[in-house]
Structure formats: structure tokens, C-alpha cells
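In case you want the letters, here they are:
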There are 2 protein chains.
Amino acid sequence: MNASGLKDLIKAARGAIPVDLLIRGVNYLNLFTGEIYKASIGVFGDRIAYVVEGSPEGLKARQVYDGEQLYAIPGLIDSHLHIESSMLTPPRFAEAVLPRGVTTIAIDPHEIANVLGEKGVKYMLDSSRDLPLKVYVLAPTCVPSLPGVETSGAEIDAEAIRRMLAWDRVIGLAEVMDFSGVVNLDERMIRIIEAGRSMGVVIDGHTFLKGLDLNAYIAAGMEADHENFSFEDALEKLRLGMLIKLRTPYLLNVEELVKGLKSLKDPIGYLLVTDDILPDNLRRDGHLDNVVRRFIEAGLDPLHAIRAATIYPALHLRLYDRGIISPGKLADIVLIDDLEKFNVKMVFADGRLVAKDGRLVEKIPARVFPDDAKDTVRVRGLELDDFRIRAPAGRERVRVRVIELLAPAKDLPDAERFAQSILTRFSIMELPVEDGYLKLTDDLAIIAVVERHGKTGQISKGLLKNSGLRAGAVASTIAHDSHNLIVLGRRSEDMLMAAREVIGLRGGIAVVENGKVIASLALPVAGLMSEEPLEKVADEFEKVRLALRRIGLKDHPYSPPLFFLALPVIPEARITDKGLYDVVNQRLVGLFAE
Amino acid sequence: MNASGLKDLIKAARGAIPVDLLIRGVNYLNLFTGEIYKASIGVFGDRIAYVVEGSPEGLKARQVYDGEQLYAIPGLIDSHLHIESSMLTPPRFAEAVLPRGVTTIAIDPHEIANVLGEKGVKYMLDSSRDLPLKVYVLAPTCVPSLPGVETSGAEIDAEAIRRMLAWDRVIGLAEVMDFSGVVNLDERMIRIIEAGRSMGVVIDGHTFLKGLDLNAYIAAGMEADHENFSFEDALEKLRLGMLIKLRTPYLLNVEELVKGLKSLKDPIGYLLVTDDILPDNLRRDGHLDNVVRRFIEAGLDPLHAIRAATIYPALHLRLYDRGIISPGKLADIVLIDDLEKFNVKMVFADGRLVAKDGRLVEKIPARVFPDDAKDTVRVRGLELDDFRIRAPAGRERVRVRVIELLAPAKDLPDAERFAQSILTRFSIMELPVEDGYLKLTDDLAIIAVVERHGKTGQISKGLLKNSGLRAGAVASTIAHDSHNLIVLGRRSEDMLMAAREVIGLRGGIAVVENGKVIASLALPVAGLMSEEPLEKVADEFEKVRLALRRIGLKDHPYSPPLFFLALPVIPEARITDKGLYDVVNQRLVGLFAE
């Protein structure tokens, strides 16, 4: 705002000139005083000009909205999420979440960064500029998640971090997932943290450490953490002055967390975030609004739940111009039906009505990604032999190291089941050989990871036990964090077909059964995102989920476990494009256990 | 901290190398969770390395302090004060407040800036560098308080503000006192605010506005305000999202404020500050520790009072590295006897023990101010005629406009009496003329303001009614905000003597009775501060106070009203070096009311 804009704002606030927009007689939840009272909110340009009590006569406005039946709260602020999980590009994501009342987000674009590096981060910024959804970036710090163990499309080092921090809207460092690297003084991680520390920006954390190791991780500068699965985890961090970010109810026992918070005397330091919300969940349940709603349902006072999704994340992100409906702040205002039900009715962003009754009323510019962002699945010449495993010459039986999915305890609620659903271990099996190839038992599937960034072209193969797969195959370019092409199946023909389908789509997911593609979702942007709207992406992803279940694969509301099989930081047994990886002992291991 | 320092801190936090200092088994008030439990705090270098529960064996430390009988809280942070009110230089002030547990302050050096301008601000920074008391500066925005109405030593414009904001440790704009200028779009104020807004720094407020005008002032960017004399004042601002700074109990009815705060449901947004503490009060009652103590005594929960003097001011000032005792934060730790009594027992700053049982244990560097800072009372050639008022020629009686001090209601508590004790109005009196000069009635004194910055040398004269002065005189170079030489007396001989004494001291205060100086305090630094320690300055200032009462002047625990008679923003009648000033009608007026 220049001096002239400032003068006009002052005039409007004094009532000397009309405000652009007046929300009359709304039920106003005051985040500072905790009071609820009737108020009228005047907006001038993109700022709040005044908040006056009641609904006095004589306020002049170009446009008036009746707020009598509604409650006003600030636009929701999500301080930790990956847009890529929605499978939408930033403009499409904005379309999807603005009607949910989300008006500011701080994204960690580490999925696209694993594919396209700094350039991918730049593309996320370019495509999200000047949207009513304000998009800030925390620079991804752990790309790839484990250097040397997997082939990512790009690597991000301390120099790249410094360059990104000089860009507009890059306001900090994203979750420092290599917590072990930090406390063990890994040079790469120390330099990356130093880059953030020297510029005084916010540094976000991600850790499962405890005790003195957790102290060390926090001492290194990590301010916040979202890896809180139980109140006990969260409390240890909170006690150490770390902000805790409580996220999607698909992952958490919200009731337990709320009970824990309420057992404390007036705690502060907790925020609500989403982290990952898949497109079907986003369409059905909402976004940060759903997290707030679920915490309120579980008994958290609406005042506290709303502070945790507005003013506190604003302070955490050093965005002092928002997070509260007060004079001079950004006019991001959400009108909801009720503080308990928490249904979003109207959303104002930058002083304009952008959504009403769940529908956008302002067109979001459809910014497409450049061509090179859609040419990231660089795989060619796949053949059947890439998806079957040849035994050592002359053997009739062979001992192999298989990745075994652990069956989660049956009586766990969904929220607690996910972490268990992706845990694995290595076990040894002896398999027969047929025509020179391994012959699978019924509980096994072949899993292949195809380097897809056009670097090595390497294909690693392994065996997965207890996936549930009966027949058919699935291929996906979503495969955290390097997002190589992961292919799972029981027959090489099916696997080849699924892989080729995904390559043809320039990225995405395809499910094959009985020799045909029964569901697919094109994700051409970095192999991760679609430029289509949520409606279409959610429809297709739902079909993919159904197809996955149809061929027998286990699923979880938070995410299909498939997406995590190549992530070499989750215990104990993984597969990357470089081969099988023993997470506990931190080394690549062979398939044949001779 | 460089990478090597960071690595050592991580090692110390993990227990891989010994910490420098360990406070064992202290009662730890956790500001995030609200819990109190036994903990041991490890400090490495100037940082907290770890906080572990209980008092476990095996923690290695170079030095160990037993905390069993004490409570640990973070160093106190004062976000609004003028060091000059203590009459001490920054190093002497540090000596005085460190034993009180104050470890970070954000000063508004607007007193020295009125005398020496930007250079004065620079001197405050120079003399306060690298002290265990961390001194930050908010750039003074209203120097002089009313341009054109008084002669200050310097003026500060938007360009000067921009220059100062580029200096190290200048982190925002200090109280924007010209609130009327802001809402009336005064160009100077708009440009100054713009300077702060464009750099995204904190802007502090100072206002008595209400309603839409208050909205406009806040909309312009003012984040916080300390002019809260009643809960009602404070509540209006808090409701508008303005941080309220509650200050010294000499000015406030603390009980009423606490009762008001407690009537709200879990309010946030209030801070504790000191603003002005005179040396005798500082020595007797303490500093921000006394404000915290008084709020606790009045019933504010210690958790809330302490948050309001530690973590919340840290966030307000964007000082993310302090305000809480947690790993990685600055090791500013205060040990107190009890959360209710709040007596400071030990103070650690930057990881070193700096005070114990109210006494400094570390030497503070005695940085003297440069000579030009001590040559600011540029007055010469005063004579008797400067302190008596010649009547228009040939008149026997003459009607004059006198400044009348309003007698505060007798039954008011001290805290509410101050504001009233400095209120004045003009009244008209008819006085006899003797030998060509006005003859005073018993209720009158002559008040003269001598320009002392070496600019105009102008002397203005007026009459003060109801000061209580019986005989003698007082002169002072503390005279808000331009700090010209103010002289009050009934006889020109006494006034001349007092003025000459102050000039001889190179600034300060002198009281004359029966033709001799009965008390004086030398304040050679800008005519405002002494380079002597608190003990000496408080002794002498106490004697000055006694002497003022002895000659009949009214006093107030917060400050002698004398210091405010030349401040042309306090209603209704003032006198500056340019003459009598009608605050309500905002114009200079004549002494003779013919």
C-alpha cells in the first residue's frame, strides 16, 4: 500500500469516505478478548477499515452484506501442507479451498522439488501469484529425503536454499525431515539449517526424536513440528517450547489430543494444519475447515480451535497483517453458520467476496505450467522382462529377501491405523524357479521402481508380501519422496501395461485388471498434479481407489499405502530405484538372500 | 552463531559434551503448557541447550547451580520504555535493571532525540552495545512533539527514520504520539508511518482516540498502545486487535485492570511495560519486576503476568530467539523465590550469572558519552530581567492569562491522580503593577522557558497558578518533550540562581530557597542523564524531590508535575519557549489578555 492508499484507508476507517463493503450485524468472535458480540465490519480495498459494535446507522458503504445469522472469523491459515497431495495445481487448489475458508497457506513444495528442483518451486510460486488464496513457500530442505539411496529429479543444497529465500513469498525452511542428520551433524543438513538461521526465518520441523536428542533438534532451530500422533508425543515437544501442529483427523485420534490439551491449564503453542489431504477427502470433508470442525466436535473450545488456525499460525509465519479481523489487517473474512457446526457460508479474501455456500463466485486465473513441467516421466523401452525376476542361473529354488507389510491390529481406529499400515520389515522366503524366473506364492507381488527422471533409467525389483493383491497391477508416479515410477503387480504383462499407461498419461496412476486399464488418473504436472479442477480429479481418484481395492490392495482413508513403499525413511524395509533398502541399518541390500 | 557454534550447541544438547552451566532441580514454570514441574536447565554458550524434567544423574556441566528452592522464568522483556526517565545512561541502567531480572528492552529514545536528534539515538545504541541487557531501539517518531510550537534540539523526519531503521538493533517505530496528525493525514506523520510500513517493522502507538478515529489510527498500522488508564480504555483497543501495554502501577489502578481482564474469557493481547520509571522509584520498587509483582498481587495469575512480560513481548518485537526457556533460545533466565512474591534471586543473561540477591556480579562496561552529548545546555547571559514580567508601559493594573493547575480530587488514589495532577487550563486574572513589573499574588509563580539548544535563545514567560510554591525556585532541563530549560519561582533572584546552577551542571535540576541552592542533580548527558550509578542518582533525586516539596511544590510518585508543564500536547494550557500555548485551540496565545 502506498501513501495515497494509506490515506484513503484512514479516511474510510474514520467514515470520511464510504467503505467498499460492509458486513452488518454479524456475530463477531473477538480472538483477543474471547467475547462474542454483534459487530459491523467495514472493508476498504483489501483491508479491514473498522470493526464497530452493533449495527449502527450512518455507516456508508458501496456494498452491504447482512451478517445477522452468521459468525465472522478470520480467513483460515494453514502453516504446513503440501499442495501436491491434493493432486491439484495451485490455482485449482485455490478454487478448492477458498470456499472452505482457507485464505493463506504456507506450502512445502517438496514433492515437485524432488522432481524439478528449484525450478519446480519457482513454478509453484509463478502459478500461485496474486491469487485470493495467498500462497507462501517454505523452502524444501530434504530433497532428496536420503541422498545416495534414491535417484530424485533434483537435489536441493544450502546454496539453493539461500537462493530461494531471496525470492518473494519464500518465508522459511520447510520441515527438516532428516532429524537424524541434524543431531548427527551431517554437513548437508547443518549447512541448510545455517542458511535459514542466518536469515532469521522460520524453520519447520519433522521428528520422532525424544529426550536429549529432541532437545538437540530443537536447539538447532526447529520451531514447530507436526509429527504428533499421540498427546504424549505432542506434550514432550510443547514442553520444550516447540509449536505443535495438529493435523488431519485421518491420522490422529482427535479426541485423545483434545482431552490432553484440556488437561492442561490454558496451554498455548498448538496450531491446526492439514499436511496432506487427498482430492477425494478434500472434496468430501473439506480442508483446514474440517480439521477445525473435528477439533471442535471433539470438545476443543471454538475460540481455541479458531485461534489455532488463524492468529497463531499468522504469528508463527511472521505474517503480522492477518489472522484477526481488526482495522488495517487484510480483509480475509469467513462467515460461518455456527461456532460449533463450523460450516463455511461466505468467504471474503483481499476484501472481495470469493465464495458463497461452498461455491466460488470469483474466477481464479487458470495458470498452466510450462511444458517442461509436464515432461517429467522420462522412461522408455520398457519390456516384460523389466517386471519379472530372473533367478540365478541353474537354480530350482532360491532364498529371497521380501518386503513384508505388517498387518495393523484389527481393532485400531482408522486414525491410528495409518502409521501401522505403511510399516514393513524384511523377511526371508524360499521361492521356486520356473523357466528361469521366480514363481510367486499367492501372498506375494512384484514391486518395481523405475527411475523416471531421465537420469539412470535403472529399474529395481523386489517382492512385496501381504499387499493383498490378487491379480492385476498398478503403476504410479506418486511414490514419496523421489516420485519414481512405482509398479506393483503379479503378472509382468499387467505391470507393463500399467506402467505404459502412466507413461502415456505423462504421469499419474493407472490400475490394470484382466489385461485392461480399469482406472487411471493423469497427473502430467511433474507426474504429481493435474490441471483439471477438483471435481474431475476427485472423481477419477475415487475410481482409482475403488480399482485398487478391487484388485485386492489395502487402502487407508488418509492415503493408499502404495505411495509410501519407496520412501526410505519409514521403517523397516523399502525399495527405491537403487534397490532394496534396510532402513534400520541404513544400507541397500540384495534381493537374493544367499 | 556460526556452523561450528551450532554444532557444539547440538552436541551439548545431546549430552555429548558438557554444558557450561546447569541449573539443577529448579521449579520450572512452562509458559506453553502452564505446568510447573521440576527441571534441570543446561546452558551452552549464550543458549539454552536442554530442559530435562527432574534432576537426573549423569548430566555433565562445568558449573552447577542448585535451583531446588527457586522458580525459573525467562528474562523479562520490556517492550516500551524511555531509559532517560531513569536519568541513567544505558550502561548504568543495565546495572540497575539486570538484578531486577530485566534482560531485553525496546527503548524509545525520544527524550535524547529531542535534544540531539539521530545522533542521540546513535549514542544510545553505541553505549548499549554488547551488554548483557539487550537494548533494542524503536525509532522516535514525534520529535518534536509539535513542530512549530516549540524549539527542540533536533527534528526527526521520515528520511531520518529510514536511516535509523537501517541501523543494527533499530527494530521498529516508537509510540506515534501525534495521533491527531495520523488521522488528519498530516504529511509528516503519514510519511513517517509509511517508512515503517514499507519496511514491515513493528509500529507502536500512543493514543487517547475512541470510536472510528481509534479504528483509523489502528488501520494506519499502530499495533500496540500503552495509554490505558482504565480497563474501559484498554478494552476498546484490545477489541480492535491492538496489543495493550499495561504499565507502572504509579499510573494505573492495577486492581481494576486485573478485575477487567479476569472478567474476560481467556484474553490474549496484553503486555506489561514500564514506560517511565524515575530513579528513586527504580531503586525502591524495581522495574518491570515490580509491574509483574503488582499485577500478581492484584490477582492476575502468575502464568498470565509472566507471559505478558516474556513470551508475548518477544513475539510483539519479533524477537523469536527469546521469551521462553527452551532449547536454542537465548539463555536469559531469572530465578525467583516464589511465583506470588516474585522476588528476583538470580539472573542469568546470555548464559552468564550476572546478578545475585539484587546485586550485580558482572561488571558492566562504563561507556561514557562523547563530549558533544554533554554540551547541550547552550544558554548564556541570563539576567534578572529574564525572570520578571514587565507590564505594558503606564499601566497600574493589567489583565493576564495564567496557567492554572487543576487540583485533583482529594480522595483519588495516587495511581489515578497523576493524569489529573498535570492538567491545566487558562484563566484570566487582573494583577497590580509595581515598578513597571507584574506583582504576583500569593497563589502565583513565574514560569519561564529558556530555549537551551543554542538556536534562538528565546525566553518565554508566563504565570502559573496553584503550583503551591511559597518561595524559592526550581530549574530543570528535563521538560518534556523539547527539554528546554524550565524555571519556576516567585522571585527573579532565586530563578536566576537556579537557572545558573543548572547551566553550571551542564544540565539537570536545581532547587533554590532563601538565596541558596538546597538540592541539585547534575544530568550532563543531553541535560537528561547522569553517568553516575543509580545509587547516587536516586539519592540526589530524592533530595531534589524533598526540596521541591519543601518550597511548596506539588509532587506525585510517578513524576513531579513540573516536568510536564512545557509539553504542548497535554490539555489545556502550556508554555513552551515560544510562548503560552492553548492546547485545545492549538495556537500560541499572549500573556496579556487585553
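Rules of the game
- Residues numbered from 1 in each chain as written.
- Chains lettered and ligands numbered in written order.
- Predicted model: local features only at pLDDT ≥ 70, side-chain atom pairs only at ≥ 80, totals over all residues.
- Heavy atoms only, no water.
- Helix = DSSP H or I, 4+ residues; strand = E, 2+ residues; numbered from the N terminus.
- Rg over C-alpha atoms; globule rule 2.2 N^0.38 Å.
- Buried < 20%, exposed > 50% of the residue type's maximum accessible area, 1.4 Å probe, protein only.
- Contact = heavy atoms within 4.5 Å.
- Lys, Arg positive; Asp, Glu negative; His and termini not counted.
- Charge placed at Lys NZ, Arg CZ, Asp CG, Glu CD.
- Least-squares fit on C-alpha atoms with pLDDT ≥ 70 in both.
- Pairing = 2+ DSSP bridges.
- Right-handed = clockwise from strand over helix to strand, strands pointing away.
- Salt bridge = Lys/Arg side-chain N within 4 Å of Asp/Glu carboxyl O.
- Buried area = accessible area lost by both parts, 1.4 Å probe.
- Polar contact = N/O pair within 3.5 Å; in protein donor to acceptor, adjacent residues only side chain to side chain.
- Arc of directions from axis to C-beta.
- Core = buried A, V, L, I, M, F, W, Y, C linked by side-chain atoms within 4.5 Å.
- Expected span 1.5 Å × (residues − 1).

Asks: Let's hear about the overall build of chain A: which residues, and what values?
Replies: Along its length, chain A carries 16 helices and 29 strands. Against the compact-globule benchmark of 25 Å for 594 residues, chain A has a radius of gyration of 25 Å, which places it among compact chains. Principal-axis analysis of the C-alpha atoms gives chain A an extent of 95 × 50 × 45 Å. For chain A, buried positions account for 66% of its 594 residues. Looking at chain A alone, contacts between residues at least 24 apart form 69% of all its contacts between residues at least 6 apart. With 75 positive and 85 negative side-chain charges, chain A shows a separation of 2 Å between the mean positions of the two kinds.

Asks: Can you tell me about the relation of the copies chain A and chain B, naming the residues and giving the values?
Replies: Of the two same-sequence chains, chain A is brought onto chain B (RMSD 0.0 Å, axial shift 0.0 Å) by a rotation of 180°. Such a combination of rotation and displacement between the chain copies is what one expects of a two-fold axis. In this assembly the copies share their binding face: 100% of the residues contributing to the interface of chain A also contribute to that of chain B.

Asks: Lay out the pairing of strand S12 (residues 243–246) of chain B in plain terms, naming residues and giving numbers.
Replies: All names here are of chain B. Of the two faces of S12, the one holding Leu-243 and Lys-245 and the one holding Ile-244 and Leu-246 are both buried throughout. Direction of pairing for strand S11 (residues 224–225) relative to S12: parallel, over a ladder of two bridges. The partner of Ala-224 across the bridge, within S12, is Leu-243. Traced from S11 through helix H9 (residues 231–239) to S12, the parallel crossover comes out right-handed. Note: S12 against strand S13 (residues 270–272), three bridges, orientation parallel. What sits directly across from Leu-246, in S13, is Leu-272.

Asks: Please provide a residue-by-residue account of the pattern of salt bridges, values included.
Replies: Taken as a whole, this structure holds 97 salt bridges over all chains when the rule is applied. Between Arg-283 of chain B and Glu-542 of chain B there is a salt bridge whose closest N-O contact spans 3.1 Å. Of this pair, Arg-283 of chain B sits in helix H11 (residues 279–285) while Glu-542 of chain B sits in helix H17 (residues 534–550), and the two are 259 residues apart along the sequence. Take Arg-283 of chain B: its relative accessible area is 21%, and that puts it in the partly exposed class. Salt-bridge contacts for Asp-321 of chain B lead to Arg-322 of chain B; the nearest nitrogen and oxygen are separated by 2.8 Å. Residues joined by salt bridges that share partners form a network here, namely Asp-280, Arg-545, Arg-549 and Asp-555 of chain A.

Asks: Kindly report on the interface of chain A and chain B, identifying the contributing residues and their values.
Replies: Each partner contributes to the interface: chain A provides 66 residues, whereas chain B provides 66 residues. Of the roughly 5,700 Å² buried at the junction of chain A and chain B (both faces included), carbon and sulfur atoms supply 58%. Contact with chain B buries surface across chain A, with Arg-14, Phe-32 and Arg-239 of chain A losing the most and accounting together for 14% of the total. Residue Glu-53 of chain A pairs with Arg-239 of chain B through a salt bridge whose shortest N-O separation is 2.8 Å. Seen at the junction of chain A and chain B, the total is 29 residue pairs in polar contact (both at pLDDT 80 or more). Only helix H1 (3–14), strand S3 (47–53), helix H5 (179–183), helix H6 (187–198), helix H7 (211–219), helix H8 (231–239), helix H12 (302–307) and helix H13 (311–316) of chain A provide two or more residues apiece to the side of chain A that touches chain B. Here the element with the most residues in the side of chain A that touches chain B is H1 of chain A; it accounts for eight residues.

Asks: Account for helix H4 (residues 158–165) of chain A, naming residues and giving values.
Replies: Within the sequence span of H4 of chain A, burial applies to Ala-158, Ala-160, Ile-161, Met-164 and Leu-165 of chain A. An end-on view of H4 of chain A places all buried positions within 160° of arc, on one side of the element.

Asks: Residues and numbers for the side chain of Glu-362 of chain A, please.
Replies: Residues and elements named next belong to chain A. For Glu-362, the location among the structural elements is in the loop between strand S17 (359–360) and strand S18 (397–405). For Glu-362, the side chain forms a polar contact with the side chain of Arg-352, separated by 2.6 Å. Those residues in contact with Glu-362 that sit more than four places away from it in its chain are Pro-132, Arg-352, Leu-353 and Val-354.

Asks: I'd like to hear about the sheet that holds strand S13 (residues 270–272) of chain A, residue by residue, with values.
Replies: All names here are of chain A. In spatial order, the strands read S6-S7-S8-S9-S10-S11-S12-S13; together these eight strands make up an open sheet with parallel pairing. Since the sheet does not close on itself, it has two edges, and those belong to strand S6 (76–81) and S13, each with one partner. Bridge count for S6 against strand S7 (residues 102–107) is four bridges, and the pairing is parallel. Bridge pairing in S7 places Asp-78 opposite Ile-105.

Asks: How would you explain the nonpolar core if you had to name every residue and give the values?
Replies: Within the largest apolar cluster, 438 residues are counted, with the highest numbers of intra-cluster contacts made by Ile-41, Leu-272, Ile-333 and Leu-463 of chain A together with Ile-41, Ile-333 and Leu-463 of chain B. Examining the composition of this core, we find that eight residues originate from one element, helix H3 (residues 110–127) of chain A, more than from any other.

Asks: I'd like to hear about helix H15 (residues 492–504) of chain A, residue by residue, with values.
Replies: Residues and elements named next belong to chain A. End to end, H15 covers 18 Å across 13 residues, agreeing with the expected 18 Å (1.5 Å per residue, within 8%). For H15, every residue scored as buried is listed here: Ser-492, Asp-494, Met-495, Leu-496, Ala-498, Ala-499 and Val-502. Contacts from the buried residues of H15 go to strand S21 (444–450), strand S23 (473–476), strand S24 (485–489) and strand S25 (508–513).

No statement about biological role is implied by the geometric values presented.
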